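Structural overview
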Amino acid sequence: MDKNRISSERVVAVVGLVFLLVASIVSILLNGDPNSIIEKIAPTHIVIPVVHIICVILALVFLFSQNLYVMISIFIIESELTILTNYEELGIFFFYAAIILILCKDLIKNKPRKKIFILFVIHLITLFLNFFRGVNYMLIDMSYSFFCFAFYLWIYYCLKAKLSCFFPKNVRENNTIIRKPAGSIIKLSDYNLNERQISFVLENLHNQMCYKEISEKYFVSISTVKKIFAEVFKIFNVSNIEELRILLLQYQVKE
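Notes on the structure follow. (Residues numbered from 1 in each chain as written. Predicted model: local features only at pLDDT ≥ 70, side-chain atom pairs only at ≥ 80, totals over all residues. Heavy atoms only, no water.)

Description of the side chain of glutamine 252
This is how the line gets drawn: A run of H or I in DSSP becomes a helix once it reaches four residues, and a run of E becomes a strand once it reaches two; helices and strands are each numbered from the N terminus. Any residue under 20% of the maximum accessible area for its type is buried, any over 50% is exposed, and the rest in between are partly exposed; the area is computed with a 1.4 Å probe on protein chains only. In what follows, residue pairs with any heavy atoms lying within 4.5 Å of each other are defined as contacts.
Looking at where glutamine 252 falls in the secondary structure, it is placed in strand β2 (residues 252–254). Exposure remark for glutamine 252: the relative accessible area of 16% places this residue in the buried category. In contact with glutamine 252, other than residues within four places in its own chain, are Pro112, Arg113, Gly183, Ser184, Ile185 and Ile186.

In structure tokens form, the structure reads like this:
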């Protein structure tokens, strides 16, 4: 695994841990929030500190496990809590941070659009609960959330257009995967890859495993792994494993 990537994630985790510790201490000192929506169903002087402390524990787990699903859980939990305790802007930020992380790391392999849609529904329901504070609050929060959605989507397409020039020629002009727009689902079995070829490609694509790591996992020589990938390169009309990875990362790749 890329050491730089691990280091950057740990930096974010440490900074996030500090934030959560401060939030936990402050929530204890403030002794709850009588004006929040949560207070209508549970004592906030207990709920808010407990939720923050749970997220502190999850942040510690992430520091040791590097499991991105744990980080996603922290973002979602804190998003729900902060929206319901009068910190809507922060909660909306947490929500979109979770969505961006899910998309950038390709964390949802099975029916990603459906699952992300469910997260959006939960997010909107939480924002709708601000109706009890007043219609104006609810409308402003929802408008701000939709603005964030449009803004991040715009940034995504801007970056996509600017980074496209860095794609290798074999990727830019590749016509192997035809009639498939970027982001759509493709099945490797549709391209006549055998079971071993599919396994090796998925290991590299989803788990970032290099030739050596694949050879060790499947108890075969590195030369055998390279030979199998060479056959895959011919199928997809690319020159090397980097071009294959760039090509396939544009799609939701299944077996």
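Notes on the pattern of salt bridges
Stated precisely, the cut-off is as follows: Salt bridges, as used here, are contacts in which a Lys or Arg side-chain nitrogen is within 4 Å of a carboxyl oxygen on Asp or Glu.
Per the stated rule, a full pass over the model turns up 2 salt bridges. Linking glutamate 203 and lysine 217 is a salt bridge whose minimum nitrogen-to-oxygen distance equals 2.6 Å. Note that glutamate 203 is positioned in helix α8 (residues 195–207) and lysine 217 in helix α9 (residues 211–218), a separation of 14 residues in sequence. Taking the relative accessible area as the measure of exposure, glutamate 203 reaches 6% and is therefore buried. Residue classification places lysine 217 among the partly exposed positions, given a relative accessible area of 44%.

Focus on the packing of helix α10 (residues 222–236) against helix α11 (residues 241–248)
Heads up, the condition is: Axis lines are fitted to C-alpha atoms, over the contacting stretch for helices. Their N-to-C directions set the angle, which ranges from 0 to 180 degrees. Should an angle fall under 35 degrees it is taken as roughly parallel, and over 145 as roughly antiparallel, whereas 65 to 115 is taken as roughly perpendicular and any remaining angle as oblique. Left-handed describes a crossing whose near helix is turned anticlockwise from the far helix by less than a right angle; the clockwise case is right-handed. Each residue receives one of three labels: charged for Asp, Glu, Lys and Arg, nonpolar for Ala, Val, Leu, Ile, Met, Phe, Trp, Tyr, Cys and Pro, and polar for the others, Gly being one of them.
For the pair α10 and α11, the least separation of the axes is 10 Å and the interaxial angle reads 50°. One way to sum up the angle between α10 and α11 is to call them oblique. Taken as a pair, α10 and α11 cross one another with a handedness that is left-handed. Here Phe229, Val232, Phe233 and Phe236 of α10 come into contact with α11, specifically with Ile241, Leu244, Leu247 and Leu248. Taken together, the residues that form the contact of α10 with α11 break down as 8 nonpolar, no polar and no charged.

Here we look at the packing of α8 against α10
At a closest axis distance of 10 Å, the pairing of α8 and α10 adopts a crossing angle of 90°. It follows that α8 is roughly perpendicular to α10 by the angle criterion. Counting all contacts with α8, which are made through Arg196, Gln197, Phe200, Val201 and Asn204, the residues of α10 involved are Val225, Ile228, Phe229, Glu231, Val232 and Ile235. Residues belonging to the contact of α8 with α10 are distributed by class as follows: 7 nonpolar, 2 polar and 2 charged.

Description of the environment of lysine 212
On the secondary structure map, lysine 212 appears in helix α9. Counting along the chain gives 14 residues from lysine 212 to lysine 226, while the straight-line C-alpha distance between them is 9.6 Å.

A short note on helix α4 (residues 88–104)
Filter applied, for reference: Expected span of a helix: the number of residues minus one, times 1.5 Å.
Compared with the 24 Å implied by 1.5 Å per residue over 17 residues, the 24 Å span of α4 between its first and last C-alpha is a close match. Buried residues of α4: Glu88, Gly91, Ile92, Phe94, Phe95, Tyr96, Ala97, Ala98, Ile99, Leu101 and Ile102, and no others. Just downstream of α4 lies aspartate 106, where phi reads positive at about 50°.

Here's the deal with the packing of aromatic side chains
Convention followed: Two rings from Phe, Tyr or Trp (for Trp, the six-membered ring) form a pair when their centres are within 6.5 Å of each other. A pair whose planes differ by under 30 degrees is stacked, one over 60 is edge-to-face, and the rest are tilted.
Under the defined criterion, the tally for this structure stands at 18 aromatic pairs. The interplanar angle of 55° and the centroid separation of 5.9 Å between the aromatic rings of phenylalanine 19 and phenylalanine 94 together place this pair among those described as tilted. Taken together, the positions of phenylalanine 19 in helix α1 (residues 3–30) and phenylalanine 94 in helix α4 put the pair 75 residues apart, joining distant regions of the chain. Overall, phenylalanine 94 belongs to the buried group, its relative accessible area being 9%.

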